[in-house]
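An overview of the molecular structure
Residues per chain, in single letters:
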Amino acid sequence: MRHPIFLAALAGGALVLGGCMGNDKAEVNKALDSVNAVDATNLSDIMLTVGDPREAVSYFTRATNEHPDRIDLQRGLAKSMVRAGQAEAAIGVWNRVLTMPAANNDDKVSLADAQIRAGKWDDAKATLNTIPPTHETFERYKLEAMVADSEKNWKKADSFYETAVGLTTRPSSVLNNWGFSKLTRGDAKGAESLFSEALTYDSASFTTKNNLVMARAAQHKYDLPVVDMTQTERAKLLYTAALSAIKQGDVAIGKGLLQDAVDTSPVYFEEAARALEALDAGGKRS
């Protein structure tokens, strides 16, 4: 698929070159090759950012078949595969990239990322261990933290998370991961602080809002935090708080939160209504 803007630019370039150079075909072809290179680069960038992931995989598959020695296209194929949820296939492509002369440590980090997404934690750890300590990037330390988490090496995980946060101006996702790590190991208060901090960088993340409600509920704090939320989000967060309360034995509070969720939701909230009915039925039987 060719982007129409680039086709127009290419056609315009051909007319201008033809007028300036007359019949010097070699010079014209050389200039057209340059325009084509810019066209392909821009199209690759679009495919990696706003294009449909499956279309991107198809595009880069064709491109790498035509130009197998282009490392930028191989990288594009691997990245698009990850975006399309094909982490296993991406691993093979990243391994191919690493055999190419221009491969670098960022490619190893990307391989480790694909390995983690595919659930190959031991392989990811081995890959990260091949990267020299002087390669200090946000992505590298984020993955190091996740691997340490998987091994329940909390001290190392905290150290890597802290380093990763310091290496980016957009730490919301890693703060969320760090908070979830704290929550799973029983530090709900620490998790609440990290989720709250994450929302200062990305106030629209519903996942972080939901995690924050869970962290507060783990401390028996069932009121919703003061964060920006839509009416639909409010209903869902009340539902999360309700389930947490019920699981912790605070059934009456949970029932009230379920009713609030049903009343708040702008559309019929089937899950909350069903849970409320189940509680009412259980109460009548008892």
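A short tour of the structure in this document, coming up. (Residues numbered from 1 in each chain as written. Predicted model: local features only at pLDDT ≥ 70, side-chain atom pairs only at ≥ 80, totals over all residues. Heavy atoms only, no water.)

In this section: the environment of A252. Position of A252 among the secondary structure elements: in helix 14 (residues 251-264). In this structure, the C-alpha to C-alpha distance between A252 and A242, residues ten residues apart in sequence, is 9.5 Å. (Helix = DSSP H or I, 4+ residues; strand = E, 2+ residues; numbered from the N terminus.)

Another aspect to go through is unusual backbone geometry. At K152, a residue that is not glycine, the phi angle is positive and equals roughly 60 degrees. Considering the arrangement of structural elements, one finds K152 in the loop between helix 8 (138-150) and helix 9 (154-165). Take K152: its relative accessible area is 62%, and that puts it in the exposed class. Positive phi values are uncommon outside glycine, yet H220 reaches one of about 65 degrees. Looking at where H220 falls in the secondary structure, it is placed in the loop between helix 12 (206-217) and helix 13 (231-247). (Buried < 20%, exposed > 50% of the residue type's maximum accessible area, 1.4 Å probe, protein only.)

Enumeration over the complete set of coordinates arrives at four aromatic pairs. For the pair Y141 and F160, a centre-to-centre distance of 5.9 Å together with 35 degrees between the ring planes defines the contact as tilted. With Y141 in helix 8 and F160 in helix 9, this residue pair connects regions lying 19 residues apart in the sequence. The exposure class assigned to Y141 is buried, which follows from its relative accessible area of 10%. (Phe/Tyr/Trp six-rings, centres within 6.5 Å; stacked < 30°, edge-to-face > 60°.)

In this model helix 10 (residues 172-184) runs 18 Å from its N-terminal to its C-terminal C-alpha over 13 residues, within 8% of the 18 Å that 1.5 Å per residue would give. Burial in helix 10 covers these residues: S172, V174, L175, N176, W178, G179, S181, K182 and L183. Where helix 10 is buried, its residues meet helix 8, helix 9, helix 11 (188-201) and helix 12. Directly beyond the C-terminal end of helix 10, a positive phi value near 95 degrees is found at G186. (Expected span 1.5 Å × (residues − 1). Contact = heavy atoms within 4.5 Å.)

Right, let's talk about the side chain of Q74 for a bit. Along the chain, Q74 turns up in helix 4 (residues 71-83). Relative accessible area serves as the criterion here: at 3%, Q74 is assigned to the buried category. Filtering out sequence-adjacent residues up to four positions away, Q74 remains in contact with T64, P68, V93, R96, V97 and M100.

Contact pair helix 7 (residues 121-129) / helix 8: the axes reach a minimum separation of 10 Å and the direction vectors enclose 135 degrees. Judged on the interaxial angle alone, helix 8 and helix 7 are oblique. Here the hand of the crossing between helix 7 and helix 8 comes out left-handed. For the pair helix 7 and helix 8, the contacting residues are W121, A124, K125 and L128 in the first and R140, L143, E144, M146, V147 and S150 in the second. By residue class, the composition of the contact of helix 7 with helix 8 is six nonpolar, one polar and three charged. (Axes fitted to C-alpha atoms, helices over the stretch in contact; angles between N-to-C directions. Parallel < 35°, antiparallel > 145°, perpendicular 65-115°, else oblique. Left-handed = near helix turned anticlockwise from the far one by under 90°. Nonpolar A, V, L, I, M, F, W, Y, C, P; charged D, E, K, R; others polar.)

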